[in-house]
Amino acid sequence: MDEHEPKEEQIETDFRNGTITTVGILLAFSLGFITHWAANPLPWEIYHLAAVVPILIGIALQIRALRLLLDTTSLQRRLYERATRIFIAGLIFTACGVGLAMLLDFYDLSTKSAVPGA
């Protein structure tokens, strides 16, 4: 290796392993939420897509981040940071979708349980 060529900065494997665990757990919660919401007894309407789309995009980004982190090249700091940014973006998309899903369910329940003619 040429001594003028800078060596790529590496992260600790223990640190990466903890990140992989965190990403895996939060991905499992995201997948669990979409599965549970799909089994919701309330009928689905077209406007529910406003919540489903960001959740699915977020889950796809989380899966992409996990795949990047499982690769041994993710020990390089720049690749690790890229995977972390992708994961955070996925988490934000998923959280926005979950929040919107909760608001839509609340709206559905409040309109269906309202006293007719009141």
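What you see is a predicted model; the values in this text were computed from it and never measured.

Considering the arrangement of structural elements, one finds Tyr47 in the loop between helix 1 (13-38) and helix 2 (49-70). Since its relative accessible area comes to 33%, Tyr47 is described here as partly exposed. C-alpha of Tyr47 to C-alpha of Leu104: the two residues are 57 residues apart in sequence and 8.5 Å apart in space. What Tyr47 contacts, discounting residues up to four positions off in sequence, is Leu104 and Asp108.

Considering all chains together, one arrives at 3 aromatic pairs under this definition. Between Phe15 and Tyr80, the aromatic rings sit 5.6 Å apart at their centres with planes inclined by 55°, giving tilted as the arrangement. Highlighted residues: Phe15 in helix 1 and Tyr80 in helix 3 (residues 77-112), separated in sequence by 65 residues. When the ring of Phe33 is compared with that of Trp37, the centres are 6.3 Å apart and the planes differ by 20°; the resulting orientation is stacked. Here the residue Phe33 and the residue Trp37 both occupy positions in helix 1, the gap between them amounting to 4 residues, near one helical turn.

Structurally, the position occupied by Gly97 is in helix 3. Note: C-alpha distance between Gly97 and Gly58 (39 residues apart in sequence) is 8.4 Å. The residues contacting Gly97, other than those within four sequence positions of it, are Ala51, Pro54 and Ile55.

Moving on, we come to the confidence of the model for the protein chain. For the protein chain, mean pLDDT is 88; residues scoring 70 or higher make up 90% of the total. For the protein chain, helix 3 is the element with the lowest average pLDDT, namely 91, and helix 2 is the one with the highest, namely 96.

Reading guide: rules and limits
- Residues numbered from 1 in each chain as written.
- Predicted model: local features only at pLDDT ≥ 70, side-chain atom pairs only at ≥ 80, totals over all residues.
- Heavy atoms only, no water.
- Helix = DSSP H or I, 4+ residues; strand = E, 2+ residues; numbered from the N terminus.
- Buried < 20%, exposed > 50% of the residue type's maximum accessible area, 1.4 Å probe, protein only.
- Contact = heavy atoms within 4.5 Å.
- Phe/Tyr/Trp six-rings, centres within 6.5 Å; stacked < 30°, edge-to-face > 60°.
- pLDDT = per-residue confidence, 0-100.

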